[in-house]
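The chain contents come next:
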Amino acid sequence: MPATTLDPRTALVLVDLQKGILALPTAHPSAEILARGARLAAAFRERGLPVVLVRVAGAAPGRSDAPLRGGQPPADFADLAPELDRQDGDIVITKHTWGAFHATDLDLQLRRRGVTQIVLGGIATGAGVGSTARAAHEHGYHVTVATDAVTDPDPEIHRVTVERVFPRLAETDTTENILKLLAS
């Protein structure tokens, strides 16, 4: 469903647009995802709206069937992409699980600023972005997902999440249409 409106206090939340994640293979070119995220961030800052840059450093300790990636991540793995043009007023959240709300102060940071809606972008659609969207919905935020500003390593997980999961908990639209709503 196309996005219908943006609340006056909407925040942009960009998930895991960091050097280590951007270097991984994805269903859509990560450079395009990053460029759209950077456009959204610049537009939100221009309007004085909060920009949240989320990065992952570590992982939850539970067991799973999926194999762990081997080896030590590079030293700059969690460094945010410079294209995001991080500003002093941006909120930076470091998470250790898929979702940006669990065991972080993201909800507190948003509530302090009177935020009632979030626009989401980033990597990975079925993990970090999806978990953050679910938690935002459960916390009572209106959620909008920029569907062309998200991707996943697995094209099928991306497709199912965008087509079947996000419409149940969010409005979805393109970066361009979200930017038009932001300007109106």
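Residues numbered from 1 in each chain as written. Predicted model: local features only at pLDDT ≥ 70, side-chain atom pairs only at ≥ 80, totals over all residues. Heavy atoms only, no water.

*Asks:* What exactly am I supposed to notice about the overall build of the protein here?
*Replies:* Broken down by element type, the protein carries six helices and six strands. In sequence order, the secondary structure elements of the protein are arranged as β-α-α-β-β-α-β-α-β-α-β-α. Here the C-alpha radius of gyration of the protein, 15 Å, is about what a compact globule of 184 residues would show, namely 16 Å. With respect to the principal axes defined by its C-alpha atoms, the protein has extents near 45 × 35 × 30 Å. The long-range share in the protein, meaning contacts at least 24 apart out of those at least 6 apart in sequence, stands at 84%. Where the 19 positive side-chain charges of the protein centre and where its 22 negative ones centre are 3 Å apart. (Helix = DSSP H or I, 4+ residues; strand = E, 2+ residues; numbered from the N terminus. Rg over C-alpha atoms; globule rule 2.2 N^0.38 Å. Contact = heavy atoms within 4.5 Å. Lys, Arg positive; Asp, Glu negative; His and termini not counted. Charge placed at Lys NZ, Arg CZ, Asp CG, Glu CD.)

*Asks:* How should I be thinking about helix α4 (residues 125-138) in this particular structure?
*Replies:* Residue pairs three or four apart in sequence face the same way in an α-helix, which turns once every 3.6 residues. Within α4, the axis deviates most sharply at Ser-131, by approximately 25 degrees. Burial within α4 is extensive, with 10 of its 14 residues counted as buried. Every buried residue belonging to α4 is among Thr-125, Ala-127, Gly-128, Val-129, Gly-130, Ser-131, Thr-132, Ala-133, Ala-135 and Ala-136, and all of these are buried. Along its buried surface, α4 packs onto β1 (10-15), β3 (91-95), β4 (117-123), β5 (142-151) and α5 (155-169). Immediately beyond the C-terminal end of α4, within one or two residues, lies Gly-140, with a positive phi of roughly 95 degrees. (Bend = angle between axes of the 7 residues up to and from the residue. Buried < 20%, exposed > 50% of the residue type's maximum accessible area, 1.4 Å probe, protein only.)

*Asks:* Teacher, can you tell me more about the packing of helix α2 (residues 30-46) against helix α6 (residues 175-183) here?
*Replies:* Working note: a packed helix pair is described by the angle between its axes plus the distance between those axes. Following both chains from N to C, one finds α2 and α6 inclined at 5 degrees, their axes separated by 11 Å at the closest point. Accordingly, the angle class assigned to the pair α2 and α6 is roughly parallel. Each of Arg-36, Arg-39, Leu-40, Ala-43 and Phe-44 in α2 lies in contact with α6, whose residues at this interface are Thr-175, Glu-176, Ile-178, Leu-179 and Leu-182. Its residues assigned to classes, the contact of α2 with α6 comprises six nonpolar, one polar and three charged. (Axes fitted to C-alpha atoms, helices over the stretch in contact; angles between N-to-C directions. Parallel < 35°, antiparallel > 145°, perpendicular 65-115°, else oblique. Nonpolar A, V, L, I, M, F, W, Y, C, P; charged D, E, K, R; others polar.)

*Asks:* How should I be thinking about the pairing of β4 in this particular structure?
*Replies:* For β4, the tally of buried residues reaches seven of seven residues, placing the bulk of the element in the interior. The sheet contact formed by β1 and β4 spans six bridges and is parallel. Residue pairing in the sheet places Leu-12 in a bridge with Val-119 of β4. (Pairing = 2+ DSSP bridges.)

*Asks:* Would you mind showing me how to read the pattern of salt bridges here?
*Replies:* Side-chain pairing between opposite charges can occur once the charged atoms of the two side chains come close. For the coordinates displayed, the defined rule picks out nine salt bridges. Across the pair Arg-36 and Glu-32 runs a salt bridge whose closest N-O atoms are separated by 3.9 Å. Of this pair, Arg-36 and Glu-32 both sit in helix α2, four residues apart, roughly one helical turn. What makes Glu-32 partly exposed here is its relative accessible area of 40%. Across the pair Arg-47 and Glu-46 runs a salt bridge, and its minimum N-O distance is 3.7 Å. Arg-47 gets classed as partly exposed once you look at its relative accessible area, which sits at 34%. (Salt bridge = Lys/Arg side-chain N within 4 Å of Asp/Glu carboxyl O.)

*Asks:* What's the story with the sheet that holds β4 in this structure? I'm lost.
*Replies:* For sheets, the rule is that strands pair by backbone hydrogen bonds, running either parallel or antiparallel. Here we have six strands laid out as an open sheet, ordered β3-β2-β1-β4-β5-β6, and parallel in their pairing. Of all strands in the sheet, those with a lone pairing partner are β3 and β6 (171-173), marking the two edges. The sheet shows a mean angle of 25 degrees between the axes of neighbouring strands, taken without regard to direction. Those strands touched by α6 are β4, β5 and β6, and its axis lies near 140 degrees from that of β5.

Geometric descriptors of this kind do not, in isolation, establish any biological role.
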